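Residue-level structural notes
Listed below, chain by chain, are the residues.
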Amino acid sequence: MRIITGLARVLIVLLFACLSRECIAADGARQRSILVLEEADFRSPFYSEIFAGIRAAAKQNGHPHTVIYGESLDLARFPGPDYEESLVGHLKTKYAQRPIDVIVSIGVASAKFLQKRKQDIWPAAPVVYGFVPDLPEVSALFLPNTTAVFSRVRPLHLLTAARAIVPNLTRVVLVGDAWKNPLVYGHWKQDFAAAMPDIEVTDLSDTVLREVRKQVATLPDRSAILTSAIYSDGEGTYYSPAAALARIAESANRPVIITSDTFLGKSGVGGFLLLPDIIGREAGDVAMRILNGEAPSSIASFNGDNVKPIFDWRELKRWNVDEASLPPGSEVRFRELTFWEQHYWHVTIVVGVMLTQALMITFLLRERRLRFLAEVEARQRMSELAHMNRRATAGEMSASIAHELNQPLAAILLNAETAAQMLQGPAPDLVEVGDMLEHIRRDDHRASEVLGRLRMFLKRDPTERRDIDLNATVDEVFRFLSVQALTHDVGLATEPSSAGIRVKADRVQLQQVILNLVVNGMDAVAHLPADRRRVVGRTSLTEGNLALVSITDSGDGILAEKVTEIFKPFFTTKAQGMGIGLSIARTIIEAHGGRIWAENAPSGGAVFHISLPLVAPG
């Protein structure tokens with residue numbers, strides 16, 4: 001029992017220890033707070049961007065339990081001790097239960113308010129001053145345990161921008177409330193006098209807006225308008241600074257130099273501009289350093305990198321300003337993009353597609369050219385090979401040709417000798433001699449035809465396709481081979497189509513194909529009895545507007561497995577054959593747009609078919 005009691009006491013002690021650690025951890029994670037105290041209205045673009053910059057810095061460098069409050073003092077629109085007194089009471093009540101760890105004070109008016117009233121509201125909170133100029137008069141407003149990030153458009157900045165826009169500047173016109181506030185632009189008169197002793201200055205900082213608009217509308221040449229923030233028209237109406245400056249810019253006849261990034265594009269040509277987002281980020285970074293443990297007194301005040309020369313491209317064009325005359329490092333906004341800049345990707349894609357197409361077309365044209373040259377060369381080789389084949393065929397037919405020539409030559413000799421003997425007699429029969437001379441002329445013509453056919457068959461002219469009569473072409477080949485057929489005791493016959501058939505072809509090449517097929521047919525029947533040796537040539541018309549030539553023999557036919565192989569180069573069934581005749585025939589016919597094939601006839605023997613397109617009707 002004692003052991004159990006002791007164990008219970010240990011567990012209770014451990015439980016209290018754990019609860020204590022959780023309480024310490026929870027206390028260590030206490031919510032930390034930043035109060036942004038702005039001199040003007042949060043709703044204005046300039047101060048809204050400052051606040052956004054502070055929030056961005058806190059988010060980037062902060063603690064997950066950091067909260068940011070914001071208060072707009074709006075002292076420019078609501079001046080006077082009564083409003084200020086009510087503002088103090090309101091802030092004391094509002095933040096009575098909200099401890100503030102760091103105050104970020106934005107603007108000179110906010111710094112002045114804290115100098116007088118901070119002890120009443122947040123006596124212990126450190127302060128980071130932002131958007132304040134690095135002037136002795138301003139630094140005198142800073143409380144102990146504080147630091148600052150300076151932001152300032154110096155009078156000389158405005159003068160430098162004005163001289164860049166108006167090269168021969170002789171007059172400047174000052175517009176806006178800040179020119180009469182020594183805590184903003186300091187001793188600008190002395191600065192202007194030192195920089196440009198001969199410049200004429202017109203100060204309209206105390207002039208009502210209505211009168212300002214009237215005067216800036218009639219300024220002489222070589223003038224520029226230097227502006228600062230305007231909150232009132234001086235006659236009881238309050239404006240946002242951007243709206244007030246826009247009204248001045250729409251009346252001005254000379255360039256307007258501005259001081260804020262938020263005014264650009266609305267009310268001026270540009271200048272050395274305050275960058276509110278950067279102002280907020282720089283002040284926020286310092287505030288987070290203090291929240292993370294650094295003492296404000298250990299963080300030296302510094303000039304922020306929050307002013308940059310920026311100009312409106314449209315206004316530069318309006319006033320004919322050369323960009324080369326702008327201050328070094330200037331940024332030009334609202335530049336109109338060139339056609340190339342606007343449509344870079346579109347143009348790049350289109351040009352890429354066009355180049356690709358051009359390359360493809362060039363490649364295809366090159367391939368077409370190469371193909372054309374290859375086809376020309378192939379036709380030349382085919383023509384040479386066909387000529388060699390014709391010469392070989394003529395060599396094989398030499399005996400038949402000699403025999404065919406011998407017959408008319410022997411008849412010529414006989415008739416000539418007989419006529420000579422008759423003319424030696426005392427009373428020659430001139431009628432008979434005339435008949436003999438006619439026979440000599442006829443036999444000479446016959447021999448001449450034989451030689452003409454042989455010369456035409458062997459000639460090596462370029463390929464020339466003409467309209468030819470297919471019936472006549474086949475008949476000429478069969479008549480040319482008639483002597484050889486007679487020598488081998490082979491019967492040749494033609495069966496022409498009853499209708500005229502005209503095709504476009506090279507006459508010599510087509511006759512060579514038909515001749516090769518007829519000679520092959522004569523060889524195929526050479527071993528048969530004399531009464532069965534027969535080769536027939538037929539011409540006809542077929543469907544599809546085609547002409548058909550069929551060469552049929554009465555031989556043994558073609559082996560089924562060889563029907564498709566006989567047209568291959570060097571395939572032959574003859575002991576002395578080269579195997580190129582049918583290959584050449586197929587090449588010639590296909591070059592003419594036709595087709596050649598073989599099959600076995602139902603009644604025996606082989607049939608070779610040639611189909612060619614008919615000549616289109618003219």
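Residues numbered from 1 in each chain as written. Predicted model: local features only at pLDDT ≥ 70, side-chain atom pairs only at ≥ 80, totals over all residues. Heavy atoms only, no water.

**Topic: the overall build of the chain**
A tally of regular secondary structure across the chain gives 20 helices and 20 strands. Looking at the 618 residues of the chain, the share that counts as buried comes to 43%. Put simply, of all contacts in the chain between residues at least 6 apart along the chain, 70% involve residues at least 24 apart. (Helix = DSSP H or I, 4+ residues; strand = E, 2+ residues; numbered from the N terminus. Buried < 20%, exposed > 50% of the residue type's maximum accessible area, 1.4 Å probe, protein only. Contact = heavy atoms within 4.5 Å.)

**Concerning the side chain of D261**
Note on placement: D261 falls in the loop between β9 (256-257) and β10 (270-274). When residues no more than four places from it in sequence are discounted, the contact partners of D261 are E49, L273, L274, L275, P276, I310 and R333.

**Remarks on the environment of R442**
Within the secondary structure layout, R442 lies in helix α16 (residues 430-458). Judged by its relative accessible area of 46%, R442 falls in the partly exposed class. Separated by 30 residues in sequence, R442 and I412 place their C-alpha atoms 8.9 Å apart.

**Regarding the sheet that holds strand β11 (residues 302-303)**
Read across the sheet, 6 strands follow the order β2-β1-β3-β4-β5-β11 without closing on themselves; strand pairing throughout is parallel. The open sheet has two edge strands with one neighbour each: β2 (66-72) and β11. With 5 bridges joining them, strand β4 (residues 127-132) and strand β5 (residues 146-150) adopt parallel strand pairing. Across the sheet, residue V128 finds its bridge partner in β5, namely T147. (Pairing = 2+ DSSP bridges.)

**What to know about the packing of helix α19 (residues 507-525) against helix α20 (residues 581-591)**
Look at α19 against α20: their axes get within 10 Å of each other, and the N-to-C directions meet at 145°. Relative to α20, the crossing made by α19 is left-handed. Mapping the contact onto sequence places Q509, L510, Q512, V513, N516, L517 and N520 in α19 and G581, L582, I584, A585, I588 and I589 in α20. Of the residues assigned to the contact of α19 with α20, the class counts are 8 nonpolar, 5 polar and no charged. (Axes fitted to C-alpha atoms, helices over the stretch in contact; angles between N-to-C directions. Left-handed = near helix turned anticlockwise from the far one by under 90°. Nonpolar A, V, L, I, M, F, W, Y, C, P; charged D, E, K, R; others polar.)

**So, the nonpolar core**
Formed by 58 residues in total, the largest nonpolar core has its most connected members in V36, I165, L169 and L226. Top element by residues in this core is helix α11 (residues 276-291). It accounts for 7 residues. In contact with V36, not counting residues within four places along its chain, are F42, F51, I54, I68, Y69, G70, E71, V104 and I106. With 41 residues, the next largest nonpolar core counts F478, V513, I566 and I584 among its residues. (Core = buried A, V, L, I, M, F, W, Y, C linked by side-chain atoms within 4.5 Å.)

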